Amino acid sequence: MSESPPSVAPLRFTARALLLGDRIDLVGLERADAISASPLAFHVGQNGKVALYRYGVAVLAGLTPLEEEDVLARLKDRVVGSPLRKEDEAVTLLVGEAEDRVAPNGAVALKDLSNERFLVFADAIAKSVALARDEREVNIVFDKVEPLANVLGRHGRPMRNRREMLRLIGQALGVQHRLSGRVAVEDKPDVLWDRPDLERLFARLEDEYELKERGQTLQRKLDVIVETVRALTDIIDADRSSFMELAIVLLIITEIGISLFEILFARGR
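Residues numbered from 1 in each chain as written. Predicted model: local features only at pLDDT ≥ 70, side-chain atom pairs only at ≥ 80, totals over all residues. Heavy atoms only, no water.

Quick notes on the overall build of the chain
Phase 1: Looking only at helices and strands, the chain has 6 helices and 10 strands in total.
Phase 2: Looking at the chain residue by residue over its 269 residues, the buried ones come to 38%.
Phase 3: Per element, the accessible surface of the chain, about 16000 Å² overall, is 54% carbon and sulfur. (Helix = DSSP H or I, 4+ residues; strand = E, 2+ residues; numbered from the N terminus. Buried < 20%, exposed > 50% of the residue type's maximum accessible area, 1.4 Å probe, protein only. Areas by Shrake-Rupley, 256 points an atom, 1.4 Å probe, with all protein chains shown as cover.)

What follows is the structure, given as structure tokens:
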């Protein structure tokens, strides 16, 4: 009776997604050995792969500490803006498994670390890190809007700092633009057009990082923030208009009073 060949243990790689800034300038970084042009992805060293996203995230898998340090040093001058807090996420990749799946402990099992599978994985984890940045920024704005609404509820009129409210609208719209324009959470990676067989892997990763749910929750919060602050600024503008109208009426009454006084004074003489 022949013995079955011993199973080969899967290879372990560490993958990291790093939020480097608001944007990465990728112009001029094109290379002949690139895995992909959008996102820009390429090989590093013997086993490493890197994917760079314009919205400020770099995904690195299988790099040694020195290789990772070298890549980040080369990107330093191309990062635009600096996040309030460095977001990052580390994931263990188990390469050589029988099927693509996400383990209960959060590790991602892959049949192989082909360029296409790496791009699918990198897309999901990069979006997760970018969403974490946006979630934190929206929560900060949300915490500022809530007291303004409470003041309106208690006193019947909002705070008169219209400039601060407009600043909050600007912050919310900035996150909204980044979410819908640059990050595009609901868009699938381009590689799936050529490899539809990897749709299931992306769906599992999308479910693991709750990309759709987090994106929808963010959008709802943004809508509440923008509508609330706009309502408050409209009330302030209405109050200002009423005040101006009252001031005009008082000026007219004063002018009439002065005119009557002058007429009566002239007759008295």
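Still to come is the rest of the account.
Description of the pattern of salt bridges
When charged atoms on two side chains of opposite charge get close, those side chains can pair.
Phase 1: Under the definition given, this model contains 13 salt bridges.
Phase 2: Among the ionic pairs, R195 bridges to E116, the shortest N-O distance being 3.7 Å. Of this pair, R195 sits in the loop between α4 (191-194) and α5 (199-208) while E116 sits in helix α2 (residues 115-155), placing them 79 residues apart in sequence.
Phase 3: In this structure, D123 engages K127 in a salt bridge whose closest nitrogen and oxygen atoms are separated by 3.0 Å. Of the two residues, D123 and K127 both sit in helix α2, 4 residues apart, roughly one turn of that helix.
Phase 4: With relative accessibility at 2%, the residue K127 sits in the buried group.
Phase 5: Residues joined by salt bridges that share partners form a network here, namely D22, R133 and D134. (Salt bridge = Lys/Arg side-chain N within 4 Å of Asp/Glu carboxyl O.)

Remarks on a nonpolar patch on the surface
Phase 1: Among the surface-exposed residues, I248, I252 and I256 lie close enough to one another that they form a single nonpolar patch of about 270 Å² accessible area.
Phase 2: As for its position among the elements, I256 is in helix α6 (residues 211-268).
Phase 3: Among the residues examined, I256 registers a relative accessible area of 47% and is labelled partly exposed. (Patch = residues over 30% accessible without salt bridge, like charges linked within 9 Å, V, L, I, M, F, W, Y side chains within 5 Å.)

Things to note about the sheet that holds strand β8 (residues 88-95)
Phase 1: Reading across from one edge, β3-β4-β5-β6-β1-β8-β10-β9 is the order of the 8 strands in this open sheet, with mixed pairing throughout. The two strands at the open ends of the sheet, each matched to only one other strand, are β3 (34-36) and β9 (101-102).
Phase 2: Strand direction decides the pairing type here: β8 and strand β10 (residues 108-110), joined by 3 bridges, are parallel. Directly across from L94, in β10, lies its bridge partner A109.
Phase 3: Seen against the sheet, helix α1 (residues 65-75) touches β1 (11-19), β4 (40-44), β5 (48-53) and β6 (57-61) and runs at an angle of roughly 20° to β1. (Pairing = 2+ DSSP bridges. Contact = heavy atoms within 4.5 Å. Axes fitted to C-alpha atoms, helices over the stretch in contact; angles between N-to-C directions.)

Re the nonpolar core
Phase 1: Core analysis: the largest hydrophobic core is formed by 45 residues, its most contacted members being V57, V59, L93, F121 and Y209.
Phase 2: At 14 residues, the largest contribution of residues to this core is made by α2.
Phase 3: If sequence neighbours within four positions are ignored, L93 has contacts with L11, R12, F13, A15, A61, V108, L110, L113 and F121.
Phase 4: Core analysis: the next-biggest nonpolar cluster, separate from the first, contains 14 residues, L18, L26, F42 and L75 among them. (Core = buried A, V, L, I, M, F, W, Y, C linked by side-chain atoms within 4.5 Å.)

Considering unusual backbone geometry
Most peptide bonds are trans, and most residues other than glycine sit at a negative phi.
Phase 1: For the bond from S38 to P39, the omega torsion is 0°, close enough to zero to count as cis.
Phase 2: Summarising the element assignment, P39 is placed in the loop between β3 and β4.

Points about a negative patch on the surface
Phase 1: Together, E186, D187, D190 and D194 line one region of the surface with negative charge.
Phase 2: Within the secondary structure, D194 is located in helix α4.
Phase 3: Judged by its relative accessible area of 67%, D194 falls in the exposed class. (Lys, Arg positive; Asp, Glu negative; His and termini not counted. Charge placed at Lys NZ, Arg CZ, Asp CG, Glu CD.)

Focus on α1
An α-helical turn contains 3.6 residues, so any two residues separated by three or four positions project in the same direction.
Phase 1: Those residues of α1 not exposed but buried are E68, V71 and L75. In a view along the axis of α1, the buried residues occupy a sector of 65°, so they form one face of it. The exposed residues of α1 that point more than 90 degrees off its buried face are P65, L66, E69, A73 and R74.
Phase 2: Residues of α1 that are buried sit in contact with β1, β4, β5, β6 and β7 (79-80). (Arc of directions from axis to C-beta.)

A few points about α5
Phase 1: By the burial criterion, the buried members of α5 are L201, F202, L205 and E206. The buried residues of α5 occupy an angular sector of 135° when the element is viewed end-on, so they sit on one face. Of the exposed residues in α5, those oriented more than 90 degrees away from the buried face are R200 and D207.
Phase 2: With its phi angle positive at about 50°, E210 sits one or two positions after the end of α5.

A word on the confidence of the model for the chain
Phase 1: Overall, the predicted model of the chain reaches an average pLDDT of 80, with 74% of residues at or above 70.
Phase 2: Per-element mean pLDDT across the chain ranges from 64 in helix α3 (residues 162-183) up to 95 in β6. (pLDDT = per-residue confidence, 0-100.)

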